[in-house]
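Structural description and commentary
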Amino acid sequence: MENGRNAADAARVVARALVYAVVGGVALLAVVTVGSVLGPMVVLDLATPAMAAWWTVFTAVAVQGIPFLLLGTVVSAAIGAFVPERVFRRVLPKNPALAVPVAGAAGAVLPGCECASVPVADSLMRRGVAPAAALAFLLSAPAINPVVLVATSIAFPGDPAMVGARLVASLATAVAMGWLWVRFGKEEWLPSVRRGGGGASGAGGWRGFRDGLQHDFLHAGGFLVLGAAAAATFNILVPRSLLDVFTGSPWLSVLLLAVLAVVLCVCSEADAFVAASLTGFSPTARLAFMVVGPMVDLKLVALQAGTFGRAFAVRFSAVTWVVAVVSSVLVGGWLL
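Presented here is an overview of the structure given in this document. A quick note: this is a predicted structure, and the numbers were derived from the prediction, not measured. (Residues numbered from 1 in each chain as written. Predicted model: local features only at pLDDT ≥ 70, side-chain atom pairs only at ≥ 80, totals over all residues. Heavy atoms only, no water.)

Some words on the overall build of the chain
In terms of regular secondary structure, the chain is built from 16 helices and zero strands. A total of 336 residues make up the chain; the buried ones form 46% of that total. Within the structure as shown, the chain displays about 15200 Å² of accessible surface, and the carbon and sulfur contribution to it stands at 71%. (Helix = DSSP H or I, 4+ residues; strand = E, 2+ residues; numbered from the N terminus. Buried < 20%, exposed > 50% of the residue type's maximum accessible area, 1.4 Å probe, protein only. Areas by Shrake-Rupley, 256 points an atom, 1.4 Å probe, with all protein chains shown as cover.)

What about the side chain of Ser 140?
Structurally, Ser 140 is set in helix 6 (residues 131-144). If we ignore the near neighbours within four places in the chain, the residues touching Ser 140 are Ala 103, Gly 104, Gly 107, Asn 145 and Ala 174. (Contact = heavy atoms within 4.5 Å.)

Thoughts on the nonpolar core
Counting residues in hydrophobic clusters, the biggest one holds 63 residues, and the most contacted among them are Phe 289, Val 292, Phe 308 and Phe 312. The dominant element in this core, judged by the number of residues it contributes, is helix 6, at eleven residues. Ignoring sequence-local partners within four residues, the contact set of Val 292 consists of Ala 258, Ala 261, Val 262, Trp 321, Ala 324 and Val 325. (Core = buried A, V, L, I, M, F, W, Y, C linked by side-chain atoms within 4.5 Å.)

Digging into the pattern of salt bridges
Scanning all chains against the criterion turns up one salt bridge. Residue Asp 297 pairs with Lys 299 through a salt bridge whose shortest N-O separation is 3.1 Å. Given the relative accessible area of 0%, Asp 297 is considered buried. (Salt bridge = Lys/Arg side-chain N within 4 Å of Asp/Glu carboxyl O.)

Topic: the packing of aromatic side chains
The tally for this structure, following the rule as stated, stands at three aromatic pairs. Taking the centre distance of 5.1 Å and the plane angle of 65° together, the rings of Phe 308 and Phe 312 count as edge-to-face. The buried category is assigned to Phe 312, whose relative accessible area is 1%. With a centroid separation of 4.9 Å and an interplanar angle of 15°, the aromatic rings of Phe 312 and Phe 316 are classed as stacked. (Phe/Tyr/Trp six-rings, centres within 6.5 Å; stacked < 30°, edge-to-face > 60°.)

Some thoughts on the packing of helix 4 (residues 96-106) against helix 6
Contact geometry for helix 4 and helix 6: axes closest at 7 Å, N-to-C directions at 25°. On the basis of the axis angle, helix 4 is roughly parallel to helix 6. Judged by the twist between their axes, the crossing of helix 4 over helix 6 is right-handed. Of the residues in helix 6, those touching helix 4 at Ala 99, Val 100, Ala 103, Gly 104 and Ala 106 are Ala 132, Ala 133, Ala 136, Phe 137, Ser 140 and Ile 144. Partitioned by chemical class, the residues of the contact of helix 4 with helix 6 number nine nonpolar, two polar and no charged. (Axes fitted to C-alpha atoms, helices over the stretch in contact; angles between N-to-C directions. Parallel < 35°, antiparallel > 145°, perpendicular 65-115°, else oblique. Left-handed = near helix turned anticlockwise from the far one by under 90°. Nonpolar A, V, L, I, M, F, W, Y, C, P; charged D, E, K, R; others polar.)

Here's the deal with the environment of Ala 311
Inspection of the secondary structure assignment puts Ala 311 in helix 16 (residues 310-335). For Ala 311, a relative accessible area of 39% corresponds to the partly exposed category.

A closer look at helix 14 (residues 283-292)
Among the ten residues that make up helix 14, nine are buried, leaving the element largely enclosed by the rest of the structure. Among all positions in helix 14, only Thr 284, Ala 285, Arg 286, Leu 287, Ala 288, Phe 289, Met 290, Val 291 and Val 292 are buried. Elements in contact with the buried residues of helix 14: helix 7 (146-155), helix 8 (160-184), helix 12 (250-264), helix 13 (271-277) and helix 16.

What about the packing of helix 4 against helix 8?
Helix packing for two helices is described by the angle between their axes and how far apart those axes are. The interhelical angle for the contact between helix 4 and helix 8, taken along N-to-C directions, is 155°, at an axis separation of 9 Å. As judged from the angle between their axes, helix 4 and helix 8 are roughly antiparallel. Once helix 4 is placed against helix 8, the crossing between them reads as right-handed. Seen from helix 4, the contacting residues are Pro 96, Ala 97, Val 100, Pro 101, Gly 104 and Ala 105; seen from helix 8, they are Leu 171, Val 175, Gly 178, Trp 179 and Val 182. When the residues that make up the contact of helix 4 with helix 8 are grouped by side-chain class, the tally is nine nonpolar, two polar and no charged.

Let's talk about a nonpolar patch on the surface
Together, Leu 167, Val 168, Trp 334, Leu 335 and Leu 336 make up a nonpolar patch on the protein surface, roughly 440 Å² of accessible area in all. Elements with a contribution of two residues or more to the nonpolar patch: helix 8 and helix 16. Inspection of the secondary structure assignment puts Trp 334 in helix 16. (Patch = residues over 30% accessible without salt bridge, like charges linked within 9 Å, V, L, I, M, F, W, Y side chains within 5 Å.)

So, helix 6
The end-to-end C-alpha distance of helix 6 is 20 Å, a good match for the 20 Å that 14 residues give at a rise of 1.5 Å each. A large share of helix 6 lies buried, amounting to 13 of its 14 residues. (Expected span 1.5 Å × (residues − 1).)

Some points on the environment of Val 109
Within the element layout of this structure, Val 109 appears in the loop between helix 4 and helix 5 (114-126). A sequence separation of 37 residues divides Val 109 from Pro 146, and the C-alpha atoms of the two residues are 6.9 Å apart.

Here's what the structure looks like:
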């Protein structure tokens, strides 16, 4: 009898959580979509075409990121409220160096983008997962999940080597960064982990889920907006003629697309189509664009700074960018 009541309570909790997430997500998407349609028209009336273009890029990045940010915060809040720490201790090896490749490979089963991975990784750390393993998952989940790999195969038809190169280079980068954290990472770079707790209020059950979802989404959403604004500003200020100067050099083209991946903030589910359109660049350069983008871009750096602190975001993003570029060059030279 008691088991029946517990099952009914659990079902009600799940139903409420789904309703809360769906209603909130639909409302946010409706507001952003209306803004993306009306914004450029209003700006054209009040200011210049350049400002209208800025608004278009800004809303495009925001619209891409909000659904996945909502997904990530729902998963994060659910982990904090309903999943006991012993679950993670059983699934992952106790040795952080061994847990890193397991967590990196686990990123292949979660369809999501970088906006979702940050709150999930934060929640995993607060639930007792080793930071190195959580960071490996943070980097791999948006880069090697099935949706991304299928999109890459569609963007590069008849070129399975590009799909394999993206999988290998991205997973290698995630695992390498996890191992680097095991060796060199410091706990004081992650203030959110030192605070501990399973959510914003530390409560469990439905109340903890609700409070955690509200806190994480509003907190991370603000930094998503800052990242979108930075990406839009770059798109408007940097002339395309300047980019054409770098296409003639294989090395400069790799570095250029690696930098563009940071500032353009293309969602990982769509970046393969952008890379495929860059026909003037070498396959390795386009691979670097797809490997770097899901791991280091402006909105992701902003989300990391808001979640883990600025000291972490600066160090982690800079090293990740270097490791991702090196991995892309090595894997591209091997497979492409």
